Amino acid sequence: MSKHIVFLPGDGIGPEVTAATIKVLDALKLGFTYEQKLVGGAAIDATGSPLPADTLEACRQADATILACVGGPKWAHAAYDKRPEAGLLGLRKELDLFANLRPAIVFDALIDASTLKPEVVRGLDILIVRELTGGVYFGTPRGITDIGNCERRGVNTQVYTTSEIRRVAARAFELARKRGRKVCSVEKANVMESGLLWREEVTKLHAEKYTDVELSHMYADNCAMQLLRNPSQFDVIVTDNLFGDILSDAAAMLTGSLGMLPSASLGAGKPSLYEPVHGSAPDIAGQNKANPLAMILSLAMALRYSLDRPDAADTLENAVKQVLTDGVRTADITAKGQAFVSTSAMGDAVVARLNG
Ligand code: IPM
Ligand code: MG
């Protein structure tokens, strides 16, 4: 049966990188069907809601959803539930996509794009597994209240349960089995009860089922430091929603640009969401300048994890590697003073490699 993909271009540079990705999908000639739906600020403008019901339903039915990015200054002052980000958080929550896979891979051709020394990042291949539907981004109580005397109080709640921790840790252990068989679990058990619970539950699950994988534990602040000092010590990192958000941006930058990093968000069933780690970059939106490779590589992850075409994923990833080896660069990954190409030209370069 033919597979069906929902594309969510979202905001800012989203429509541009989506157009490049759709061209690449067409060039792969897989016979898949696809459609585009509204999410984020674009959906707020058209319908009043950051996650319209028909978008959610289409994503529920799809074999894979590929989202570009959401957000922008235009919507930055609305209430949290009326912001573009609520569309993305709602999608993750409604589809119960609890495991967010964020690989950070350094391509040899891009070694000089990293701000770190080549000997520190050469050959880097790590995977951050971020818990995506719990923790402080979703915990209650939350809100800002007036407490009198011209004082206000802002509250968010960091909360995790046994099953929330176990299911994401299990995913991390299983992924580690297919890689370097090492998991580093990251929290702040030294100061947070939720972190202590995290450490205890991961340790228990490991002893029950995954003793063939090497497990270590690290505090999140130390992990941030170790990612810059010696990132190759890691294979798979599993961590909560907040720390995963932060550490994955740091890990992404080891590779030279946020514009290169794809991610996959998976749950227990069919619905899945693939998205670049980068944001909507309003400062360069509409200028045909953004790097579409993170979204193109997100399509590759979708082919591998949701669309039963690991062969096409390999083909696509190799085409991207070749394009980089050919020296094709968008502005974000070019050396100072060197030439760079547009978003659409980068997409076309990948298409040409696929056809060639
Ligand atoms: C990410 C983003 C999102 C997050 C925002 C846009 C809500 O930063 O995917 O990392 O915080 O999860
Ligand atoms: Mg983030």
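Up top is the structure these notes are about.
Residues numbered from 1 in each chain as written. Chains lettered and ligands numbered in written order. Predicted model: local features only at pLDDT ≥ 70, side-chain atom pairs only at ≥ 80, totals over all residues. Heavy atoms only, no water.

Novice: I'd like a description of the site of ligand 1, backed by residues and values.
Specialist: The immediate surroundings of ligand 1 are formed by Glu85, Arg92, Arg102, Arg130, Tyr137 and Asp245. Within the contact set of ligand 1, an oxygen atom lies 2.7 Å away from a side-chain nitrogen or oxygen of Arg92. Between an oxygen atom of ligand 1 and a side-chain N or O atom of Arg130, the distance comes to 2.7 Å. When ligand 1 is considered free in solution it has 320 Å² of accessible area, and contact with the protein chains removes 76% of it. Across the shell around ligand 1, the residue classes break down as 1 nonpolar, no polar and 5 charged. (Near = heavy atom within 4 Å. Polar contact = N/O pair within 3.5 Å; in protein donor to acceptor, adjacent residues only side chain to side chain. Areas by Shrake-Rupley, 256 points an atom, 1.4 Å probe, with all protein chains shown as cover. Nonpolar A, V, L, I, M, F, W, Y, C, P; charged D, E, K, R; others polar.)

Novice: How would you sum up the pairing of strand S11 (residues 262–266)? Please name residues and give values.
Specialist: Across the 5 residues of S11, 5 count as buried, placing the element largely inside the fold. Sheet analysis places strand S4 (residues 99–105) next to S11, joined by 3 bridges and oriented antiparallel. In the sheet register, Asn100 faces S11, and the bridge partner there is Ser265. One ladder, built from 5 bridges, connects S11 with strand S12 (residues 272–276); its direction is antiparallel. Residue pairing in the sheet places Ala264 in a bridge with Tyr274 of S12. (Buried < 20%, exposed > 50% of the residue type's maximum accessible area, 1.4 Å probe, protein only. Helix = DSSP H or I, 4+ residues; strand = E, 2+ residues; numbered from the N terminus. Pairing = 2+ DSSP bridges.)

Novice: Which residues make up the environment of Tyr80, and what are the values?
Specialist: Mapped onto the elements, Tyr80 comes out in the loop between strand S3 (64–69) and helix H4 (84–94). What makes Tyr80 exposed here is its relative accessible area of 59%. Through-space distance from the C-alpha of Tyr80 to that of Asn355 is 45 Å; in sequence the pair is 275 residues apart.

Novice: Outline the pairing of strand S5 (residues 125–131), listing residues and values.
Specialist: With 6 of 7 residues buried, S5 is to be regarded as a mostly interior element. As paired strands, S4 and S5 are joined by 7 bridges and run antiparallel to one another. What sits directly across from Ala104, in S5, is Ile126. Direction of pairing for S5 relative to strand S10 (residues 236–239): parallel, over a ladder of 4 bridges. When the bridges of S10 are listed, Val129 appears paired with Val238.

Novice: An account of the pattern of salt bridges is needed here, citing residue identities and associated values.
Specialist: This structure, assessed with the given rule, holds 21 salt bridges. The shortest N-O distance in the salt bridge between Arg60 and Glu94 comes to 3.8 Å. Here the residue Arg60 occupies a position in helix H3 (residues 53–61), and Glu94 occupies one in helix H4, the gap between them amounting to 34 residues. For Arg60, a relative accessible area of 31% puts it in the partly exposed group. The class for Glu94 is partly exposed, based on a relative accessible area of 46%. In this structure, Arg179 engages Asp235 in a salt bridge whose closest nitrogen and oxygen atoms are separated by 3.0 Å. In this pair, Arg179 is assigned in the loop between helix H6 (162–177) and strand S8 (182–187) and Asp235 in the loop between helix H8 (220–229) and S10, connecting sequence segments 56 residues apart. The class of Arg179 is partly exposed, set by a relative accessible area of 29%. Judged by its relative accessible area of 8%, Asp235 is buried. Among the charged side chains, a network of salt bridges with common partners joins Glu57, Arg60 and Glu94. (Salt bridge = Lys/Arg side-chain N within 4 Å of Asp/Glu carboxyl O.)

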